[in-house]
Amino acid sequence: VQLQASGGGLVQAGGSLRLSCAASGRTFTGYCMGWFRQAPGKERDFVACITYPAGRTYYAESVKGRFTISRDDAKNMGYLQMNNLKPEDTGIYYCAASPFYGKDYSKTAQEYDTWGQGTLVTVSS
């Protein structure tokens, strides 16, 4: 599986952006497609994940109620709708995917085996 993220940009606080993640290549069942973000000088942090095929969603506490993760299986696309953006949401956003066994997902970046390139999101105050 190959992933390609897009949709980042510059937005004012309170604004919205939608990130996209295009998946290509062989797919597999029982995986989670997720988003991580990395601010300058900081670690890559979990944002959200959606499982396949069940579609269960998981979010970091900091984005609950503001971000929505979804996917379009017909198009092999994943999305992250980000509303009410805050300056602390600034960072490079990466889409990632991995199969998991015995659990739906992980908040640990090292446990994901497939990554797309990042897309920069900048939220100005």
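A short tour of the structure in this document, coming up. Worth saying up front: this structure is predicted, and the values here are computed from it rather than measured. (Residues numbered from 1 in each chain as written. Predicted model: local features only at pLDDT ≥ 70, side-chain atom pairs only at ≥ 80, totals over all residues. Heavy atoms only, no water.)

So, on to the pairing of strand β11 (residues 119-124). Only one face of β11 is buried, namely the one carrying T119, V121 and V123, since none of L120, T122 and S124 on the opposite face is buried. Pairing of strand β2 (residues 9-12) with β11 involves four bridges; the strand directions are parallel. In the strand pairing of β11, V11 is matched with V123. In terms of strand pairing, strand β9 (residues 91-99) meets β11 through three bridges, oriented antiparallel. Residue pairing across strands places Y93 opposite T119, the latter belonging to β11. (Buried < 20%, exposed > 50% of the residue type's maximum accessible area, 1.4 Å probe, protein only. Helix = DSSP H or I, 4+ residues; strand = E, 2+ residues; numbered from the N terminus. Pairing = 2+ DSSP bridges.)

A separate point is the side chain of S98. Position of S98 relative to the elements: it lies in strand β9. By relative accessible area, which is 3% here, S98 ends up buried. In this structure the side chain of S98 is engaged in a polar contact, spanning 3.3 Å, whose partner is the backbone oxygen of E111. (Polar contact = N/O pair within 3.5 Å; in protein donor to acceptor, adjacent residues only side chain to side chain.)

Enumeration according to the criterion identifies nine aromatic pairs in this entry. An angle of 20 degrees between the planes, with centres 5.2 Å apart, marks the rings of Y31 and Y52 as stacked. Here Y31 is found in strand β4 (residues 31-38), whereas its partner Y52 is found in strand β5 (residues 44-52), with 21 residues between them in sequence. Among the residues examined, Y31 registers a relative accessible area of 13% and is labelled buried. Since its relative accessible area comes to 27%, Y52 is described here as partly exposed. Members of the aromatic cluster, joined through ring pairs, are F36, F46, Y58, Y94, F100, Y105, Y112 and W115. For R44, the ring lying beneath its charged end belongs to Y94, and the centroid distance is 3.6 Å. (Phe/Tyr/Trp six-rings, centres within 6.5 Å; stacked < 30°, edge-to-face > 60°. Lys NZ or Arg CZ within 6 Å of the ring centre and 35° of its normal.)

With that settled, the discussion passes to the pattern of salt bridges. Counted under the stated rule, the structure contains six salt bridges. Here R66 and D89 are joined by a salt bridge, their closest N and O atoms 2.7 Å apart. Of this pair, R66 sits in the loop between β6 (57-59) and β7 (67-72) while D89 sits in the loop between β8 (77-82) and β9, and the two are 23 residues apart along the sequence. One exposure class covers both R66 and D89, and it is buried. Between K103 and E111 there is a salt bridge, and its shortest N-O distance comes to 2.7 Å. On the basis of relative accessible area, K103 is assigned to the partly exposed category, the value being 38%. Here the salt bridges share partners, and the residues they tie into one network are R37, R66 and D89. (Salt bridge = Lys/Arg side-chain N within 4 Å of Asp/Glu carboxyl O.)

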